[in-house]
Amino acid sequence: MKPSQEVAVKCSDVTKDYGVGDVKVTALRGINLEVYQGELLILAGPSGCGKTTLISIIGGILKRDAGICTILGKDLENMNTAERAHFRGTSIGFVFQTFNLLPSLTAAENVAVPLLISGKERKFALQRARVILDQVGLSGREDALPSQLSGGQQQRVAIARALVHEPKIIICDEPTSNLDHATGHAMMEILRNVAQAPDRALVVVTHDTRIYEFADRIAHMDDGKISKVTVGTEEEVQ
């Protein structure tokens, strides 16, 4: 299914600096980008080009310095803390590069966290978590602690946690970095299927060129800017 023309994420002239004076570093230099519903968009580019800063702003983790960024038609910076936390908890799923799993919780409990935060009953949350863990190939490991899982298995738990509450926007930072080719391919198939839902969108930051085939479009970043957007091997007309 092709992406719709409904915009899920819209960034206009977004800028972000870190530090001041002589130590000031400009991370984003006027980003203009749209992500459509039903789309899997990859953000590609060298380390330090601003990819992680951009997805952090999209996800409401960082505040921008200038410009506009709307998610599902809403500007998170116009919300108060509670409203922003609720929106992120119900509408956005994150796959962090460092996993951010809670070491004292089992795989199922880690995956259930977004549902528990949103007020779902523990029994329902854990049942749903087990279903998602099975989908990412971790059936039988639901009760294992993170320390008992390999890096690749932990990554799959992190992906399951991002999917469990069926968010409209899913943001992934290097989701296949700790997976072998076959497992990474399988994970991207799952994410691809999720992104194809007409009311969802997926943004993936990656250095893994092997997964470019899963993208509807690839936004190439360099020095804090979008240098070009490609559709497969073809450059998109701006």
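See above for the structure.
Residues numbered from 1 in each chain as written. Predicted model: local features only at pLDDT ≥ 70, side-chain atom pairs only at ≥ 80, totals over all residues. Heavy atoms only, no water.

J.: Outline the pairing of strand 3 (residues 39-44), supporting the account with residue identities and numerical values.
T.: A regular strand carries its side chains on alternate faces of the sheet. The buried fraction of strand 3 amounts to six of the six residues, a majority that puts the element mostly inside the structure. Burial along strand 3 is two-sided: Glu39, Leu41 and Leu43 and Leu40, Ile42 and Ala44, pointing in opposite directions, are all buried. With five bridges connecting them, strand 3 and strand 7 (residues 201-205) associate as parallel partners. Pairing of leucine 40 across the sheet is with leucine 202, part of strand 7. (Buried < 20%, exposed > 50% of the residue type's maximum accessible area, 1.4 Å probe, protein only. Helix = DSSP H or I, 4+ residues; strand = E, 2+ residues; numbered from the N terminus. Pairing = 2+ DSSP bridges.)

J.: Would you mind going over the pattern of salt bridges in detail, with residue names and values included?
T.: All chains considered together, the criterion is met by 14 salt bridges. Two residues, glutamate 34 and lysine 10, come together in a salt bridge whose shortest N-O distance is 2.6 Å. One end of the pair, glutamate 34, is in strand 2 (residues 25-36); the other, lysine 10, is in strand 1 (residues 7-18), with 24 residues separating them in the sequence. Taking relative accessible area as the criterion, glutamate 34 reaches 25% and is therefore assigned partly exposed. Salt bridges sharing common partners tie together Arg64, Asp75 and Glu77. (Salt bridge = Lys/Arg side-chain N within 4 Å of Asp/Glu carboxyl O.)

J.: Describe the environment of leucine 72, and please don't skip the residues or the numbers.
T.: Locating leucine 72 in the fold gives a position in the loop between strand 4 (66-71) and helix 2 (81-91). Sequence separation between leucine 72 and isoleucine 169 is 97 residues, and the spatial gap between their C-alpha atoms is 8.4 Å. Those residues in contact with leucine 72, other than ones at most four positions away along the chain, are Ala8, Gln37, Phe87, Ser91, Lys168 and Ile169. (Contact = heavy atoms within 4.5 Å.)

J.: Give me the sheet that holds strand 4: which residues, what numbers.
T.: Within the open sheet, the three strands sit side by side as 2-1-4. Their pairing is antiparallel. Each end of this open sheet is capped by a strand with a single partner; those strands are strand 2 and strand 4. The sheet shows a mean angle of 15 degrees between the axes of neighbouring strands, direction not considered. In this sheet, strand 4 lies alongside strand 1 in antiparallel orientation, the contact comprising five bridges. (Axes fitted to C-alpha atoms, helices over the stretch in contact; angles between N-to-C directions.)

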